[in-house]
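Structure assessment
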Amino acid sequence: MNNKEFTVERMISMLEERDITSPINEECDKFGIKKGDIVIDYGCGSGGYTKKVSELIGDNGKVYAVDIYDMALEAVKRKIDKYQLKNVEPVLVKNINRIDANIADIIIAIDMFHMVQDPNVVLKELHRLIKKNGTLFIDMMHMIPDDVKGIVVNSNLWEIVNESDNCLKCLPIG
Ligand SMILES: C[S@@+](CC[C@H](N)C(=O)[O-])C[C@H]1O[C@@H](n2cnc3c(N)ncnc32)[C@H](O)[C@@H]1O
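This write-up is about the structure you can find in this document.

1. Let's talk about the pattern of salt bridges
Under the criterion given, the structure shown has 12 salt bridges. The salt bridge involving aspartate 37 is made with lysine 34; its shortest N-O contact spans 3.6 Å. Classification of aspartate 37 as buried rests on a relative accessible area of 5%. Relative accessible area serves as the criterion here: at 51%, lysine 34 is assigned to the exposed category. Of the charged contacts in the structure, one is a salt bridge between glutamate 125 and arginine 128, with a shortest N-O distance of 2.8 Å. With glutamate 125 and arginine 128 both in helix H4 (residues 119–129) and three residues apart, the pair spans about one turn of that helix.

Take a look at the structure:
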């Protein structure tokens, strides 16, 4: 096992531990998720947020759980099996083109932006996926807020309309 695999394995195992000891609950309130929404949990990790979103959207909604690592999606699949989550589709970033354009009511990118190598590529892809009246939430954990805001504004693809709880609420431009 090389260092990188070890780090990813540890990250997922810590997230899965968190999902047991402090499951995601009211953290999702600020996203205003409704029954029937289509949500993308971008950088889903072990799927702690995915599971809560799955409950909020109900049978007519859908949540795409997207991550760059197989190991993350394996953890999501364990949750799908354990909790019988029928409205969750795990998607690897390398296959993200399989998700239709302009599909998402809400995209959440929680505690993941600091790991992204090229934020502009991600912001462009998320812009492809969002509906015209959809909303993107970027959690700025582990980052300097002004840095994140600068990246978002300079992308010319997203307008920041609110900032609270270290989280940016963004609307698509164009
Ligand atoms: C610290 S975890 C947070 C997971 C989850 N959002 C949560 O808060 O429970 C960050 C996740 O983002 C994923 N990630 C990092 N870079 C990514 C990228 N460019 N695209 C998608 N996911 C990415 C990592 O693999 C990891 O699972």
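2. Notes on the site of the ligand
Around the ligand sit 17 residues in total, of which Arg18, Gly43, Asp67, Tyr69 and Ile110 are the nearest. At a separation of 3.1 Å, a nitrogen atom of the ligand approaches a polar side-chain atom of tyrosine 42. At 2.8 Å from a nitrogen atom of the ligand is found a main-chain nitrogen or oxygen belonging to isoleucine 110. Look at the ligand: alone it shows 600 Å² of surface, and the protein chains cover 94% of it. Broken down by element, the residue count for the shell around the ligand peaks at three residues, all from helix H1 (residues 3–21).

Criteria and cut-off values
- Residues numbered from 1 in each chain as written.
- Predicted model: local features only at pLDDT ≥ 70, side-chain atom pairs only at ≥ 80, totals over all residues.
- Heavy atoms only, no water.
- Salt bridge = Lys/Arg side-chain N within 4 Å of Asp/Glu carboxyl O.
- Buried < 20%, exposed > 50% of the residue type's maximum accessible area, 1.4 Å probe, protein only.
- Helix = DSSP H or I, 4+ residues; strand = E, 2+ residues; numbered from the N terminus.
- Near = heavy atom within 4 Å.
- Polar contact = N/O pair within 3.5 Å; in protein donor to acceptor, adjacent residues only side chain to side chain.
- Areas by Shrake-Rupley, 256 points an atom, 1.4 Å probe, with all protein chains shown as cover.

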